[in-house]
Structures are given as C-alpha cells and as structure tokens.
2 protein chains.
Amino acid sequence: MTTWQKARTARDARIDAGAKVAKGKIVETGDVTRLLEAVIRPGDRVCLEGDNQKQADLLSAALLAVDISKVNNLHMVQSGVVLPEHLDLFDRGVAKKLDYAYSGPQSARIATMLFGGKIELGAIHTYLELFARYFIDLTPHVALIAAVSADRDGNLYTGPNTEDTPTVVEATSFKDGIVIAQVNEIVDKLPRVDIPGDRVHFVVKSDKPFFVEPLFTRDPAAITEGQILTAMMAIKGIYAPYGVRRLNHGIGFSTAAIELLLPTFGEKLGLRGKIASQFALNPHPALIPAIESGWVEQIHSFGSEVGMDDYIRARSDVYFTGPDGSLRSNRAFCQVAGLYACDMFIGSTLQIDLKGNSSTITTSRIAGFGGAPNMGSDPRGRRHPSEPWLQAGREADPDSTPALRRGRKLVVQIGETFGEKNVPLFVEKLDAIALAEKLKLDLAPVMIYGDDITHIITEEGIANLLLCRDAREREQAIRGVAGYTDVGRGRDKQFVQSLRERGVIRRPEDLGIDPLDADRSLLAARSIKDLVRWSGGLYAPPSKFRNW
Amino acid sequence: MTTWQKARTARDARIDAGAKVAKGKIVETGDVTRLLEAVIRPGDRVCLEGDNQKQADLLSAALLAVDISKVNNLHMVQSGVVLPEHLDLFDRGVAKKLDYAYSGPQSARIATMLFGGKIELGAIHTYLELFARYFIDLTPHVALIAAVSADRDGNLYTGPNTEDTPTVVEATSFKDGIVIAQVNEIVDKLPRVDIPGDRVHFVVKSDKPFFVEPLFTRDPAAITEGQILTAMMAIKGIYAPYGVRRLNHGIGFSTAAIELLLPTFGEKLGLRGKIASQFALNPHPALIPAIESGWVEQIHSFGSEVGMDDYIRARSDVYFTGPDGSLRSNRAFCQVAGLYACDMFIGSTLQIDLKGNSSTITTSRIAGFGGAPNMGSDPRGRRHPSEPWLQAGREADPDSTPALRRGRKLVVQIGETFGEKNVPLFVEKLDAIALAEKLKLDLAPVMIYGDDITHIITEEGIANLLLCRDAREREQAIRGVAGYTDVGRGRDKQFVQSLRERGVIRRPEDLGIDPLDADRSLLAARSIKDLVRWSGGLYAPPSKFRNW
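Keep in mind that what you see is a predicted model, and the values were worked out from it rather than measured.

**Q** Describe the domain arrangement of chain A, naming the residues involved and giving the relevant values.
**A** Residues and elements named next belong to chain A. Segmentation of chain A into domains returns domain 1 (22-211) and domain 2 (220-529). A C-alpha centroid distance of 32 Å is found between domain 1 and domain 2. In this complex, domain 1 contributes 33 residues to the contact, which on the side of domain 2 involves 33 residues. With both sides pooled, the region where domain 1 packs onto domain 2 buries about 2500 Å², and carbon together with sulfur makes up 60% of that total. Viewed at the interface, domain 2 and domain 1 are joined by five salt bridges.

Dropping the structure here:
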C-alpha cells in the first residue's frame, strides 16, 4: 500500500527534518537557510512566491544562501522573476530550470541569462495558465510564501496582498508538498484567516515586512495631452457606443487618463451608470475621483496597491474586504473574472505589427506576460450574452445565423504612434520574432494576437478591426491610425479613406472630438496630491510619489 | 463615511437578526427557516449551493418553506438547478430570476417552466463563467452552502466534496454577504479546515448528510462494442499520434471505454507513459485499472465520486488530498486546469450539425452547460507550448509563420452515429436553435462550437477538422463519418474519398484496426465488481451499482 503514498512519506520525512530547526511550526530568522536545506531536495519544483507586487524576499535571500551540495538544480515554478535574487539562484546553481509569468524589472538580465544558457526555460506563461499547470504538471514540491502575520498554529493573515498565496498553497499543500511562510509578525490572534494553518508547515518571522511594489500608481502629473486625446476617443468612441460596464484596465498612463476623465469628460457626456461600473482591477489610485463621483459599483482585485489601505477600508461598498476591514485580493479569481466576466480589456503595448499582433518584448528585454494575454483574448468558452459582447460579434460577422453567432470580447490597444524616446509603436516585424529565433523558442512571445484585438486607438484615430473583412483591410486599417511612423506612411491613402467612410477608421473629428480640447484641465486630478485630496486624505501615497 | 459602507452595515444588521435564532453561530435544525427569514431580503441574489454532485439539500428545503411575504423575488445565482426544490422556489414565488450552469435531472421541468414564463432567465453559463461573474456583477448577498462538519467557530470541513464551496464563500463573504452552512455534524476539532470560520456566519446541523450524486460512475457492463471500437480509434488515431498526456474526459460511456482500454489495448501499443498521464478529472471508478497499471501520474478533481474515498486515500500519490488523507477537490481550479493546462478535451454529445456545432439540448430539455464549453474551447490566452498543441496548430494552419502560429487545443467529440433509442447523432439543424427562437434567447445554447472542435470520432471513422481548408471540406468530413444517418447519406462520395486519401477522414482499417477486434474482452474491467477487484476492495460502489 505504501508504494502509492510515496510522496506523503517523503513529505513527512521532510517535515521531520525541518522540525529539527523549528519550535513547533516556528523557525527563527537565523535558521531559515538551514530549514530550506533540510526540506528541499535537489531537482525539486519550488515556487518562490512573488508576482508583480508582493515578494517573499526573506525566503529568496535564504534560498540563495543554501549549501549547493545540498540544494541544487531546482526547477523554479513561479509567477514573478522580479528580485535580483531570483536570478542569482541560477547563477549560483541553486536553480536550473524556470517556468514563470512575469519579469518586469529583471527583463534585461533574464534575457542575457537566457541567451547565455544560464537558465533552462520551460515556458513563459500568463499567471492563470501557470496556476492551471500547478494542478496538472508543474505542482510545486515546496512553496515559499509571504504573509503579514501568523499564529502559532500556522494560520496566516495575508492582509490586502493575498494575491497568489491561496492558489500556490492549495496546489502545493494538497499534493503532499511543503509550505513555508515568511511573516512580518507572529501574533496570538489573527485579524482574519486567509490560509488555514493545517496547510502550512513552517513559519519564519522576517526582520522586515515583505516587499511590495507600488506598480499600479500612475502620477497624473505625467499624463500627456496625447494620452488625454486617446482617452477621450476611447470613452466616446468605444465605451459609450458599446455600453461597456464590466472591464479591466491595463497599468499604463493611457488608461490612467481614461480613469481621470470619467468624472469630467464622461460626466459631460452623461455616461455615469452606463459605462465603467464594474472592474477586475487593482486599487488604482487614479480611479479615486471616479469612485468618489459615484461611477464605480464594484471592483475585484488581483492584488492591492501601496497606500490604498485606509481608502479601501473606508470604501468597502466598492472593494472586496474581509471581516477585519482590509482588502481581500485574489489573483486567480480576478484573472478568471477578467477572462469570463468582463466585456473589455484595454491596455498599452510597445509594438504592433501589420496583422495587429502586439508585444512588449524587445530583443534585449523579456518582460513576460503577466495577465494581459488572458484578459486580452477572446474567451471562446463564454456562453452568457451581454450587449457589448453581442454587438462586437455582430460587427465581426454580420451575415451569420444570429442564434449561432457568438459575441466577441472587446480587446483594445491604446497608445501614441510614437512612444517613449520617440520609438514607433507600429512595426513591420515584431522584435519578439527575432527573439524567438535567437532563443529557439517554439513561439514568439506575442502579448496579444492580432486576431484577438478588436480596436487600436492612437491620436490619429480608432481602427475597428471587427469591421475588417480581409487581411488587406486589417493592414490598411492599422496603417491608417499609425500616423507618421513608417507603417503609417506606407498606407494606401485612397483605401484608408474608403475605410474611414465605412466607419472602420474614425478620426477625432468623426467622433466630434476637437484635439485642441485635449487639455490637462480635463483631468479630474492633475497630481498625486489631487488624488489624496479626492480621497479625503485616506490615500497615503508611497514617499517616492510625494513631492510635498 | 458610513455611506460608503452601506453593505457592511446591512450585513451586520442581518447577522444581528440571525443571531436571535442562533446560539453563537449554531442554529438548531428546526430554526433554519426562521434564520433564513431573518437574514434574507426580498430581491437578494442568493447562491443555494449545488452542482452536478453535492447539494445543500437541507437549506433548499428550508428556503422553500419561508413566509413569502418576508422572502420573495430572489435572484438565484448557482451552479446547479438539480433538486425539485430548486424549481419549486420559482413556483412558490420565493425566487424569480435565475442565472445558472447545469440542470441535468431537471432539464425537462426547467424547460417547461421557462416556456411558461415561471422563471426569468438571466443566462445559462459554464461553471467557471458563473464563478467569474460572482466577483463582477452577480455577487451573492447570501450563500447557502454544504459541508461535512463544522466546529463552534464556524470553521468548515468539506471533505472530499469541496467542489464549489471555497469559490462561493470567497465571493459572498468578502463582499459583505452572509454565509450559512449546513453540516452533517458539529465537532470539537475538524479533520482539516477547508473554509476558515471567519467567513461563515451561521451553521446548521442537518439531520442527514448532504446529498451527493454518483454522476461519474459508469458500469463497464453497459459499454457496447461500438463504444469499444470508437475508444480504440481514439487511442490509436488521436492520443498516440498527438502524444496527449494532459487531458480531461467527459462523463459518458465512450470515454469510460477509453479508460478501460488503456491497460489492455493501450498497453499492447506500448503507450504507457506516453499518453493519458495527467488528468483534470473527477475520480472516475473506470480509471482504476489504468491507475493500478501505472498509467496515471496525477489527477486533479472538480469534485469527488461516491464510493471512491478509501481508494483515493490509499492512492494519494495520484490524487490531491488533505492532511486528513481525504480528497481535496476544487471545481474552480480544476476548470482552470482543464482550460489552460490540458491539451485535450474529449466527450460525447447529443447532436452535431453540418458545421460541427454540438448541443445536448432538445426542444423539451435544457440540461445547461456545466463545464464542457470551458474545457471544450480553444483557450486563446494560452502561451505555453506543448507538442500536442503545436502539432494541432500546424495541421490547422501549415502555411503561417511558425513563430506566430499558436497551437490548438484538441477538442474531440466521440459517439455512435445512432445514439440511444436510435436517434441520429448528426442533424441538419440543432434543436438548440428552435429552442432559442421559442425562448427568444440571444444565443442558441450550443455546447461546443464547430470552430473549436478538432476531431469527430464515430464507428465509421475519425474526421480531422483541423485539416479542412473550407466550409465544404468540413461539411463533407462530417458527413463522411456520419454513417447511415440522413446527414451521412447526403455525402458526396467522391469528395469524401478524396478527404480520406488526404487523411482528413480515417477509417478503422486506415488505422490498422479491425472492427471485429472491438470485443468486450478488451475491457480491463467488465463490471463494477471487476473495478472493486482491481481496487483491492478499496472502491465501495453505491448500492444502486451493486448486483451482488
């Protein structure tokens, strides 16, 4: 019989070995590396918790310090490769193989290491896709996670940054794996239980709170007039005619501009209650004015955002909160919500090619996918109708049998034709393809595929790709909003004009928008300080965003 | 400030009202209806837990008994409409509107009530899609759930049938809703904590265990030789050439036949370790021989299956289990796994049309969707490659740039050309379309769309729709495996022959399969008793499956 419980027996042996450096479940800070050496085996699949926000930083430092004769060749299976230590692990030989989703700040170094063969790459995933594999073929043997506090039974309070933790713990602990948590403090009674203690094997008190990146804070002061113009076009040319109520926003300044125009430009158009009322979204500070103006009914969040705790607590009608009053975020559920319950995804990208494929990858930077491809794809398993979804489906395929015609998710790319440092947004060929060749990848890391994109917005206009009937129309529609980039100048002017007459392309003036009106005075908040004011002093921005 | 915490204030008032019939969190069985009258408000969104397996049956009876002057016009948002009481609620006026996913045994009555206008239909969903909406626009005010046991703090043990509970509780409790659990017993210490008590407001001890349907038990004695033939074709013609390791099976006899052929026919072909090693699947008894023969590495489950508890406990290397040794199922995560981490879905249906659209709906029965459309659709947000997925992508689109060519999920329909009572599987027009017209639905309830299906298997052959280049080829490929049905007889014989020459259609003989070999002696188990024997006596089938 025992031959069918090998993993359980091995798990118990690991716990016994770990127990020698623990008191009950509690391990002293100085003993963490010894704990890891005791419970981790060479070649293990290990999830070192970390995503685009929270980081189990004490545990990553401790793992880096192991004796590599004891712990080596690990297969890291984790959302984020974000801290320098995450890559140092490969340099030192502690880890060998990597399956991950996001590598924002390490995008240049991870590219170098991949080129140099320092990392054996499994695949680059979306968050939800990697979570899916945790249950099928990438189940961690050991999970190293982060929480705010623990009690002596190992029950955990993750506070506002619950994020990936429940998913990682469920996959690991219920498949005979070991869960080790770093916590900011050990207390007698938790404010709430986010993770039951019987799923957690060891707890380490960290000398400082786990690191959280304020990734979703956009300073309104940095929003340009070009971004304001595209935001006006988005609201009037897409949100309004489709009646988009349930949606997700990307993290860039373009969508922050939309958030800040809702209570001004949107209000003037009489759109309150008709658009942008339910979000799958982190607690973006830029959404505070819209919330205070009564635009937003409900927000479910992947994670939290630094400085938003008191505001969230005081606005519990809008956010998901626990019995302790603080945010309950959950990346897995919010990604599912973004996939299946939202009618629109809108975000920015670095490059768009002539077919509409887009990518945030350059030949020297691999940023990973995060969540965008999941939310920015047409969910073909969806079966419930909604007006925006049906309308998009009608536009894409007007001649089919209505009862058999699925709707379409609105997937919108918004940006200026020339981005930062004057780099063109539109290209003939994505850098992602050169990268795939260099790394011998089966697939170029495309963020959103052209056949999923429905609209592209630039300062020159909106291209509605749903209305394009063939490849040539798509290409010319894209060229037709690509401005003075090479791609834009390569347009067939007459053809583009005919697309405009059909409404495939709409210029600002076709939408009744005067580009000269795109003024910063339209922003409901023009600075971080304005956001604090809107929040009644409840929003406490991180110091790097304070200039007062 | 309080105006932004209306829901929390209302929630606290509900708890206070409920507390009057409770002792702490515990409510006596006889007081349940009074509790519901105290905490539920007219028009509330209510999730009465129930899916295709477990049912909160005590709570559904109690809800049916409320004074309808106090509780009425509820909006039910729940996975399953399965018990008669679920529909009685609408007859009595307790409930008015319905959003759901599955209605297996009530499919005839729900159709009648929808036709009669007794129910205001929101939409029919997949499970995962409804869960998604719980976080965006269908968040329950009250959740009525079922667990095995509770302690006095409201911590819950759901045992092997965890299923929807964590998802329902998370959406409800963290958005200021009320969670009421029926439990089989109240204990001092739980075997494990599936739901932390601070998310649970009231607990009622039921006089009998909550109902669980053994929906995934298929008696091998009922498997036909036609099903054995299609199973042989599936293994040799699809599993083997694509090398499908990660997959989900439907619940019919056709896929049960596949499970029972792995250790015989599959073994002879030398496929062990090469196919069918990781599943998103309930603990199907029919998979026991394959597990015992060393075929299966890992299974993650939506729910459990009656009688499988001891077997699962003894085979923890294969299943996800808790510290108590019993199964941990989780429908939301398993659906995510089926969507994003599996390379194939294979299942049966009732009707397939000339475009490959399929449906389990007839004009007088509305069975709902359950999980099939989610798993039986091409997940366009997927970014990790695998060999089966890439191969399917190459077949579908051989001429595109490889680095920009996504793979395809294998979505296979398997069945006999004439099903039960000699009803043809293939039809010119789905009954679902007539139903949509009759009910004025925006969308016909199509289970799997033709553009997502990759293969159709019947006793006449396999049609590989990935290789079809236009609508005519698809139609003739479908007709070419439709046997003596009207659709099959309407084929263009010469065209079908040319498709066969191209390998679009493969007959049993093209696969080296002699239909005369499709004999019941090939089944690893020919009866429920055989399954018990394979399990070493650990599988304890429900009495309705015992004839000894």
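**Q** I'd like a rundown of the nonpolar core, residues and numbers included.
**A** Of all hydrophobic cores here, the largest spans 259 residues; its most connected members are Leu63 of chain A together with Leu63 of chain B. What Leu63 of chain B contacts, discounting residues up to four positions off in sequence, is Leu36, Ile40, Leu48, Val71, Leu74, Met76, Leu89, Val94 and Leu144 of chain B.

**Q** Any details on the relation of the copies chain B and chain A? Residues and values, ideally.
**A** Overlaying chain B on chain A yields an RMSD of 0.0 Å, the required transformation being a rotation through 180° with an accompanying axial translation of 0.0 Å. Considering both components of the superposition, the chain copies are consistent with a two-fold axis. A symmetric contact is evident, with 100% of the interface residues of chain B recurring at the interface of chain A.

**Q** I'd like a description of the pattern of salt bridges, backed by residues and values.
**A** Under the defined criterion, the tally for this structure stands at 82 salt bridges over all chains. We note a salt bridge from Asp176 of chain A to Arg8 of chain A, for which the minimum N-O separation is 3.4 Å. Remark: Arg8 of chain A occurs in helix α1 (residues 6-19) and Asp176 of chain A occurs in the loop between α7 (165-173) and β10 (178-186); sequence separation between them is 168 residues. Assessed through its relative accessible area of 7%, Asp176 of chain A is described here as buried. Ionic pairing is found between Arg380 of chain A and Asp451 of chain B, a salt bridge with its closest N-O pair at 3.2 Å. Highlighted residues: Arg380 of chain A in the loop between α13 (372-375) and α14 (387-396) and Asp451 of chain B in the loop between α15 (431-439) and β20 (455-458), drawn from two different chains. Judged by its relative accessible area of 40%, Asp451 of chain B is partly exposed. One salt-bridge network, in which partners are shared between bridges, spans Asp99, Arg133 and Asp137 of chain A together with Arg246, Asp343 and Arg382 of chain B.

**Q** Can you explain the sheet that holds strand β21 (residues 461-464) of chain A? Please cite residues and give values.
**A** Residues and elements named next belong to chain A. Pairing is mixed across the open sheet formed by eight strands, whose spatial order is β15-β14-β13-β16-β19-β20-β21-β22. Unpaired on one side and paired on the other, β15 (298-300) and β22 (505-506) mark the two borders of the sheet. As defined by bridge partners, strand β19 (residues 410-414) adjoins strand β20 (residues 455-458) across three bridges and the pair is classed as parallel. Opposite Val412, over in β20, you have His455 as the bridge partner. Helix α8 (residues 225-242) contacts β13 (246-249), β16 (344-347), β19, β20, β21 and β22 of the sheet and is inclined by roughly 150° relative to β20.

**Q** Tell me about the environment of Ser358 of chain A, residues and numbers included.
**A** The topology assignment puts Ser358 of chain A in strand β18 (residues 358-359). If near-sequence neighbours (up to four positions away) are discounted, Ser358 of chain A is found in contact with Thr349, Gln351, Ile352, Gln413, Leu430, Val446, Met447, Ile448 and Ile453 of chain A.

**Q** How would you sum up the sheet that holds strand β15 (residues 298-300) of chain B? Please name residues and give values.
**A** Hydrogen bonding along the main chain pairs the strands of a sheet, whether they run parallel or antiparallel. Residues and elements named next belong to chain B. Spatial strand order, β15-β14-β13-β16-β19-β20-β21-β22: eight strands in an open sheet with mixed pairing. Looking at the sheet topology across the chains shown, the edges are occupied by β15 and β22 (505-506). Across two bridges, strand β13 (residues 246-249) lies against strand β14 (residues 278-280) in parallel orientation. By the bridge assignment for β14, Arg246 is matched with Gln278.

**Q** Any chance you could break down the pairing of strand β8 (residues 142-150) of chain A for me, citing the residues and the numbers?
**A** All names here are of chain A. A large share of β8 lies buried, amounting to nine of its nine residues. With three bridges joining them, strand β3 (residues 45-48) and β8 adopt parallel strand pairing. Residue pairing in the sheet places Leu48 in a bridge with Leu144 of β8. Alignment of β8 against strand β9 (residues 156-157), held across two bridges, turns out to be antiparallel. Within the sheet, the bridge partner assigned to Ala150 lies in β9 and is Leu156. A loop of five residues connects β8 with β9, the two strands running antiparallel in sequence, and Gly154 in this loop sits at a positive phi of about 90°.

**Q** I'd like a description of the packing of aromatic side chains, backed by residues and values.
**A** Centre-to-centre distance and the angle between the planes together describe a pair of aromatic rings. Scanning all chains against the criterion turns up nine aromatic pairs over all chains. The interplanar angle of 20° and the centroid separation of 4.8 Å between the aromatic rings of Phe333 of chain A and Phe135 of chain B together place this pair among those described as stacked. Here Phe333 of chain A is found in helix α12 (residues 331-340), whereas its partner Phe135 of chain B is found in the loop between α6 (127-134) and β8 (142-150) on a different chain. Each member of the pair Phe333 of chain A and Phe135 of chain B is classed as buried. Look at Phe333 of chain A and Phe333 of chain B: their rings are 6.4 Å apart centre to centre, the planes differ by 20°, and that puts the pair in the stacked class. In this pair, Phe333 of chain A sits in helix α12 while Phe333 of chain B sits in helix α12 (residues 331-340), so the two residues belong to two different chains. With a relative accessible area of 8%, Phe333 of chain A lands in the buried category. Pairwise contacts between aromatic rings join Phe135, Phe320 and Phe333 of chain A together with Phe135, Phe320 and Phe333 of chain B into one cluster. Above the face of the Tyr127 of chain A ring, Arg331 of chain A is positioned so that its terminal group lies 4.9 Å from the ring centre.

**Q** I'd like to hear about the interface of chain B and chain A, residue by residue, with values.
**A** Taken together, the contacts link 95 residues of chain B with 95 residues of chain A. The contact between chain B and chain A buries some 8300 Å² in all, and 58% of this surface belongs to carbon and sulfur atoms. The largest contributions to the chain B side of the interface with chain A come from Trp4, Ile136 and Arg383 of chain B, which together make up 11% of the buried area. Inspection of the region where chain B meets chain A yields twelve salt bridges. In this structure, the salt-bridge partner of Asp452 of chain B is Arg380 of chain A, at a minimum N-O distance of 2.8 Å. Across the chain B-chain A interface, the total number found is 63 residue pairs in polar contact (both at pLDDT 80 or more).

**Q** Quick rundown of empty space enclosed by the protein? Include the residues and the values.
**A** To find leftover empty space, one rolls a probe the size of a water molecule over the atoms. Taken as a whole and judged by the stated rule, the model has five cavities of 30 Å³ or more. Taken together, 18 residues make up the lining of the largest cavity; nearest its centre are Pro166, Glu170 and Arg199 of chain A together with Pro166 and Arg199 of chain B. Going through the elements one at a time, α7 of chain A together with α7 (165-173) of chain B are the ones with two or more residues in the lining of the largest cavity. Residue composition of the lining of the largest cavity, by class: eight nonpolar, two polar and eight charged. Its volume calculated, the second largest cavity comes out at about 60 Å³. In this structure, the second largest cavity is lined by 14 residues; those nearest its centre are Leu339, Pro379 and Arg380 of chain A together with Leu339 and Pro379 of chain B. Of all the secondary-structure elements, those providing two or more residues to the lining of the second largest cavity are α12 of chain A together with α12 of chain B.

**Q** Any details on the packing of α12 of chain A against α6 of chain B? Residues and values, ideally.
**A** It is at 8 Å that the axes of α12 of chain A and α6 of chain B come closest, and there the two elements cross at 105°. Considering their axes alone, α12 of chain A and α6 of chain B lie roughly perpendicular with respect to each other. The residues of α6 of chain B that touch α12 of chain A, namely those facing Val336, Ala337 and Tyr340 of chain A, are Leu128, Glu129 and Ala132 of chain B. In the contact of α12 of chain A with α6 of chain B, the residues fall into five nonpolar, no polar and one charged.

**Q** Residues and numbers for unusual backbone geometry, please.
**A** All names here are of chain A. Notably, Asp176 is not glycine yet its phi reads approximately 65°, a positive angle. Non-glycine residue Ala276 carries a positive phi angle of around 55°. Structurally, Ala276 is set in the loop between α9 (253-268) and β14 (278-280).

**Q** Give a detailed account of helix α4 (residues 84-92) of chain A, specifying residues and quantitative values.
**A** Residue and element names in this part refer to chain A. The complete set of buried residues in α4 reads His86, Leu87, Leu89 and Phe90. Burial along α4 is one-sided: seen end-on, the buried residues are contained in an arc of 135°. Here the buried face of α4 lies against β3, β4 (54-55), α3 (57-64), β5 (74-80), β6 (95-102) and α5 (107-115).

What counts, and where the lines are drawn
- Residues numbered from 1 in each chain as written.
- Chains lettered and ligands numbered in written order.
- Predicted model: local features only at pLDDT ≥ 70, side-chain atom pairs only at ≥ 80, totals over all residues.
- Heavy atoms only, no water.
- Domains from an automatic or database assignment.
- Contact = heavy atoms within 4.5 Å.
- Buried area = accessible area lost by both parts, 1.4 Å probe.
- Salt bridge = Lys/Arg side-chain N within 4 Å of Asp/Glu carboxyl O.
- Core = buried A, V, L, I, M, F, W, Y, C linked by side-chain atoms within 4.5 Å.
- Buried < 20%, exposed > 50% of the residue type's maximum accessible area, 1.4 Å probe, protein only.
- Least-squares fit on C-alpha atoms with pLDDT ≥ 70 in both.
- Helix = DSSP H or I, 4+ residues; strand = E, 2+ residues; numbered from the N terminus.
- Pairing = 2+ DSSP bridges.
- Axes fitted to C-alpha atoms, helices over the stretch in contact; angles between N-to-C directions.
- Phe/Tyr/Trp six-rings, centres within 6.5 Å; stacked < 30°, edge-to-face > 60°.
- Lys NZ or Arg CZ within 6 Å of the ring centre and 35° of its normal.
- Polar contact = N/O pair within 3.5 Å; in protein donor to acceptor, adjacent residues only side chain to side chain.
- 1 Å grid on protein atoms, 1.4 Å probe; cavity = no way out; pocket = protein on both sides within 12 Å on 5 of 7 lines; lining within 4 Å.
- Points joined across faces, edges and corners; volume = space filled by probe spheres on them.
- Nonpolar A, V, L, I, M, F, W, Y, C, P; charged D, E, K, R; others polar.
- Parallel < 35°, antiparallel > 145°, perpendicular 65-115°, else oblique.
- Arc of directions from axis to C-beta.

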